[in-house]
Amino acid sequence: IYDNVYIGQNVFIGENNVFYPNVVITNSVINNNCLIQSGAVIGDSGFGFTIYEKIPIIHIGNVVIGSNVKIGSNTTIDRASLDSTIIGNNVKIDNLVQIAHSVLIGDNTIIAAQVGIAGSTIIGKNCIIGGQAGVAGHISIGNNVTIAGKSGVTKNIDDNKIIAGFPAIDINEWKR
């Protein structure tokens, strides 16, 4: 644990983890062999409020991070509204990524820099998300999906697809 790391309430930390300077962790379970780079914030409240009255929605869940996970600098992972935001085993997350409340990311997924994933989204196993892609909330992305950089994903994606563009479509159709 390096300088200025803050480990707050409701945190469980497994073995062989490295936390670089200025990491903030609250309301989280961090399993084994994880590397969290400088400035990452894990377990803070997500963004939510009622539409008309602008009353904040309290987030009382947590974040669960699997084993062998790498989280890049200045990445934020919000805790869930009620249950858990889950990052699977062997997930690699680049710098400047935003993962909203109640997201589930499957094992072996790779997420490049400046990706934003909106709340309550499910991302399958073995996915690759290119830099600056945006993923809408409350959708499901299957296993073995590749999302090209700068794509905007606005609907559910089946297993084994490669998509690109905005709105994201099959890459072969997008190339035409």
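Residues numbered from 1 in each chain as written. Predicted model: local features only at pLDDT ≥ 70, side-chain atom pairs only at ≥ 80, totals over all residues. Heavy atoms only, no water.

Caption draft 1: Structural context of the overall build of the protein chain. Helix and strand counts for the protein chain come out as one helix and 24 strands. Oriented by its inertia axes, the alpha-carbon framework of the protein chain measures out at about 50 × 40 × 20 Å. Looking at the protein chain as a whole, 42% of its 176 residues are labelled buried. Residue pairs in contact within the protein chain that sit at least 24 positions apart in sequence constitute 14% of those at least 6 positions apart. (Helix = DSSP H or I, 4+ residues; strand = E, 2+ residues; numbered from the N terminus. Buried < 20%, exposed > 50% of the residue type's maximum accessible area, 1.4 Å probe, protein only. Contact = heavy atoms within 4.5 Å.)

Caption draft 2: A look at the state of the cysteines. Under the counting rule described, the total for this entry stands at zero disulfides. No disulfide involves C34; its sulfur sits 19 Å from that of C127, the nearest cysteine. Relative accessible area serves as the criterion here: at 1%, C127 is assigned to the buried category. (Disulfide = S-S within 2.5 Å.)

Caption draft 3: Summary view of the pairing of strand β11 (residues 84-87). Residue alternation in β11 divides its side chains into a buried set, T85 and I87, and an unburied set, S84 and I86. Here four bridges tie strand β8 (residues 62-65) to β11, and the two strands are oriented parallel to one another. By the bridge assignment for β11, V64 is matched with I86. As defined by bridge partners, β11 adjoins strand β14 (residues 104-105) across two bridges and the pair is classed as parallel. Considered in β14, the bridge of I87 is made with I105. (Pairing = 2+ DSSP bridges.)

Caption draft 4: Molecular detail of a nonpolar patch on the surface. There is a patch of nonpolar side chains on the surface, built from I58, I60 and L82 and spanning about 380 Å² of accessible area. Position of I58 relative to the elements: it lies in the loop between β7 (41-42) and β8. (Patch = residues over 30% accessible without salt bridge, like charges linked within 9 Å, V, L, I, M, F, W, Y side chains within 5 Å. Areas by Shrake-Rupley, 256 points an atom, 1.4 Å probe, with all protein chains shown as cover. Salt bridge = Lys/Arg side-chain N within 4 Å of Asp/Glu carboxyl O.)

Caption draft 5: Fine view of the sheet that holds strand β6 (residues 35-36). Ordered by their spatial adjacency, nine strands build an open sheet running β3-β6-β9-β12-β15-β18-β21-β23-β24, and the pairing between neighbours is mixed. Each of the sheet's edge strands pairs with one partner strand only, and the pair in question is β3 (18-19) and β24 (169-170). Relative to strand β12 (residues 92-93), strand β9 (residues 70-71) runs parallel, the two sharing two bridges. Paired with I71 across the bridge in β12 is I93.

Caption draft 6: Geometry of the sheet that holds strand β2 (residues 11-13). Spatially, seven strands are ordered β2-β5-β8-β11-β14-β17-β20 in an open sheet, and the strand pairing comes out parallel. Strands at the two margins of the open sheet, each flanked by one partner only, are β2 and β20 (140-141). Relative to strand β5 (residues 28-30), β2 runs parallel, the two being bridged by three bridges. Of the residues in β5, the one forming a bridge with I13 is I30.

Purely spatial values, then, with no claim about function.
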